[in-house]
Amino acid sequence: MEKPFSVACEKNSATILSELSRLLINTQSVLEIGSGTGQHATYFSRHLSHLIWQTSDVIDNHAGINMWVGDAGLDNLLAPVVFDVTQEQGLTKKYDAIFMANTLHIMPWDVVVQCIKKSSQVLNNNGLLVVYGPFNYGGAFTSESNAGFDQWLKEADSRRGIRDFERVNDEAIKRRFSLIEDNAMPANNRLLVWRYEG
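All values reported here derive from a predicted model rather than from experimental measurement.

Rules of the game
- Numbering of residues starts from 1 in every chain and runs along the sequence as written.
- Only residues with pLDDT of at least 70 get local features here, since the model is predicted, and only at 80 or more are side-chain atom pairs given and counted; chain-wide, interface and lining totals rely on the full set of residues.
- Only hydrogens and water are set aside when side-chain values are computed; all heavy atoms of the structure are taken into account.
- Burial status follows relative accessibility: with a 1.4 Å probe on protein chains alone, a residue under 20% of its type maximum counts as buried, one over 50% as exposed, and anything between as partly exposed.
- A run of H or I in DSSP becomes a helix once it reaches four residues, and a run of E becomes a strand once it reaches two; helices and strands are each numbered from the N terminus.
- Following DSSP output, two strands are said to pair if at least two bridges run between them.
- By convention, a crossover is right-handed whenever its connection, traced from the first strand over the helix to the second and viewed with the strands pointing away, goes clockwise.
- Axes here mean lines fitted to C-alpha atoms, for a helix over just the part in contact, with angles spanning 0 to 180 degrees between N-to-C directions.

1. Remarks on the pairing of strand β2 (residues 52–57)
Consideration 1: Burial of β2 is extensive: five of the six residues sit out of reach of the surface.
Consideration 2: Looking at chain direction, strand β1 (residues 29–32) and β2 are connected through three bridges and run parallel. Bridge pairing in β2 links L31 to Q54.
Consideration 3: Between β1 and its parallel partner β2, the chain crosses via helix α2 (residues 39–47), and the hand of that crossover is right-handed.
Consideration 4: Relative to strand β3 (residues 77–82), β2 runs parallel, the two sharing four bridges. Paired with W53 across the bridge in β3 is L77.
Consideration 5: You can see the chain leave β2, run along helix α3 (residues 62–72) and come back into β3, and the turn it takes is right-handed.

2. Here's the deal with the sheet that holds strand β4 (residues 95–101)
Consideration 1: Sheet architecture is open: seven strands sit in the order β3-β2-β1-β4-β5-β9-β8, paired in mixed fashion. Among the strands making up the open sheet, the edge pair consists of β3 and β8 (177–185). Across the sheet, the axes of successive neighbouring strands diverge by a mean angle of 20 degrees, strand direction being ignored.
Consideration 2: Pairing geometry for strand β5 (residues 123–133) and strand β9 (residues 189–196), over six bridges, is antiparallel.

Here it is in structure tokens:
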């Protein structure tokens, strides 16, 4: 098996790190939901050595993530765990922060709702939920490229698509999250930050 590689991760890692460096300065543990290739986890844990970074994904992606984790050889970067937001059984440990990148638009909407619910269950009080990716505002795309991306997603699976910020925020509020930041990022992406007040 070849080590997986994402061009998008390669391009956006430094920009995301600049935000995480200030957001997670007083944080000790992070759960990454949907670690994908493992590139983000490796890059962020190398530059944020005060954090214990827990990778997670569906089992099919573990082999690739483990390649990145193994090659990195970092004490603060942990091998992936299975974290299926659609299952009632989950992690028993709690974390100071959760990070997700480019995940919500590939989940069906009902899974997005479950993901937010699960996030509230594994975050410590005052923990942060940090979500990177494209979002619509007021039911409208923020760029032509996002509209094209949304069409491409739906052609692959009609249940996918760029999510409306307002709908996601409403679900977060139901789970006792409060939005504290909405940051504009390159390539028509956002970095949204909620605090859990459980």
